[in-house]
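# Structural overview for review
This is what each chain is made of:
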Amino acid sequence: RWLTDESELGASDDIGRGITNPSKLSCEGRSAGGLLIGASINQAPDLFRAALLGVPFVDLMCTMVDSTIPLTCIEWQEWGNPNEEEYHDYMMSYCPMQNVQEGKKYPSCLITGGLHDPRVAYWEPAKFAATLRHKSTSSGPILLKTDLDAGHFAASDRYKYLKEQAFEFAYLLEQLG
C-alpha cells in the first residue's frame, strides 16, 4: 500500500509544480505493476487522464486465497497469506477489484489480458474492466483487449510486439490529445 501512496505523492507533486496536469497525465503497469496502477486509480482517480494496465494482477484476494493456483503458495512469502487474519485486512485495503468506488470518475483505461496466461488469468482483467464500467461515472472508454494467443508476456514475434506497442501508443495519443 505504501507504494500506492508514493505513486499518488509523485503524481500530485508533478501537478503541484506545474510539470503536468491531470488531463495530460497517464500511468502504466504490467502484472504486479498493474496492481499498483489499479490501486492508484482507485485511491486517486482524479489524478490521471488515462491508465494502461497490462495483464494486471487486480483480483488479488480471489487469487491469493486459492492454494491450488500455481505460484500462489510461493507468493505468500512475499505478499502474505490472505487466509490469515493478520494479512487479510491489509491486502483487502489495496486490492483493486475490491476497492473500485461507486460513482467516481475514473480515468480512461486500456486493460489487456492473455487467454493462456498462467500467472494472471484472463478473467482478472475482464472482471476489472466490467467493474470499472459498472461503477465509474467517467465518459472515457474502459477498454478490454484480450489476446487469444498470448500468455503473460508480450508477443515474442517482433512485428506483433511492435503492433501491440503501436496500439497502446495510439490509445494514449487519443486520450491525452
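Residues numbered from 1 in each chain as written. Predicted model: local features only at pLDDT ≥ 70, side-chain atom pairs only at ≥ 80, totals over all residues. Heavy atoms only, no water.

### Describing the overall build of the chain
Helices and strands together make up the secondary structure of the chain, namely seven helices and four strands. Traced from its N-terminal end to its C-terminal end, the chain shows the element sequence α-β-α-β-α-α-α-β-α-β-α. In terms of C-alpha radius of gyration, the chain reaches 16 Å, essentially the compact-globule figure of 16 Å for 177 residues. In terms of principal-axis extent, the alpha carbons of the chain reach across some 45 × 40 × 30 Å. Buried positions account for 42% of the 177 residues belonging to the chain. In the chain, the proportion of contacts linking residues at least 24 apart, taken out of those at least 6 apart, comes to 71%. When the accessible surface of the chain is totalled, it reaches about 9,600 Å², and 55% of it is carbon and sulfur. Across the chain, 15 positive and 24 negative side-chain charges occur, with their mean positions spaced 10 Å apart. (Helix = DSSP H or I, 4+ residues; strand = E, 2+ residues; numbered from the N terminus. Rg over C-alpha atoms; globule rule 2.2 N^0.38 Å. Buried < 20%, exposed > 50% of the residue type's maximum accessible area, 1.4 Å probe, protein only. Contact = heavy atoms within 4.5 Å. Areas by Shrake-Rupley, 256 points an atom, 1.4 Å probe, with all protein chains shown as cover. Lys, Arg positive; Asp, Glu negative; His and termini not counted. Charge placed at Lys NZ, Arg CZ, Asp CG, Glu CD.)

### Side note on the sheet that holds strand 4 (residues 142-147)
In spatial order, the strands read 1-2-3-4; together these four strands make up an open sheet with parallel pairing. Only two strands of the sheet have a single partner each, and these edge strands are strand 1 (26-30) and strand 4. Ignoring which end each strand starts from, the neighbouring axes of this sheet average 10° apart. The pairing of strand 3 (residues 108-114) with strand 4 spans six bridges and is parallel. Each bridged residue has a counterpart across the sheet, and for T112 the counterpart in strand 4 is K145. Strands in contact with helix 2 (residues 32-43) are strand 1, strand 2 (50-54) and strand 3; relative to strand 1, the strand with the most contacts, it is inclined by about 145°. (Pairing = 2+ DSSP bridges. Axes fitted to C-alpha atoms, helices over the stretch in contact; angles between N-to-C directions.)

### Some thoughts on helix 2
Helix length check: helix 2 (twelve residues) gives 17 Å between terminal C-alpha atoms against 16 Å at 1.5 Å per residue, within 8%. Within helix 2, the full set of buried residues consists of G34, L35, I37, G38, A39, S40, I41 and N42. (Expected span 1.5 Å × (residues − 1).)

### Overview of the nonpolar core
I41, L60, F128 and L132 are the most contacted members of the largest nonpolar core, which has 30 residues in total. Elements represented by at least two residues in this core include exactly helix 2, strand 2, helix 3 (60-64), helix 5 (85-94), strand 3 and helix 6 (123-135). Among residues more than four places away in sequence, those in contact with L132 are I41, V100, Y106, C109, I111 and I142. Residues A50, L52, Y171 and L172 belong to the second largest nonpolar core, which totals six residues. (Core = buried A, V, L, I, M, F, W, Y, C linked by side-chain atoms within 4.5 Å.)

### Description of the packing of aromatic side chains
One pass over the structure, following the stated rule, counts three aromatic pairs. Geometrically, the ring pair formed by Y90 and Y94 is edge-to-face, given 5.4 Å between the ring centres and 65° between the ring planes. Of the two residues, Y90 and Y94 both sit in helix 5, four residues apart, roughly one turn of that helix. With relative accessibility at 40%, the residue Y90 sits in the partly exposed group. The class of Y94 is buried, set by a relative accessible area of 9%. Geometrically, the ring pair formed by Y122 and W123 is edge-to-face, given 5.2 Å between the ring centres and 75° between the ring planes. The class of W123 is partly exposed, set by a relative accessible area of 46%. One cation-aromatic arrangement involves K145 over F167; the distance from NZ or CZ to the ring centre is 4.8 Å. (Phe/Tyr/Trp six-rings, centres within 6.5 Å; stacked < 30°, edge-to-face > 60°. Lys NZ or Arg CZ within 6 Å of the ring centre and 35° of its normal.)

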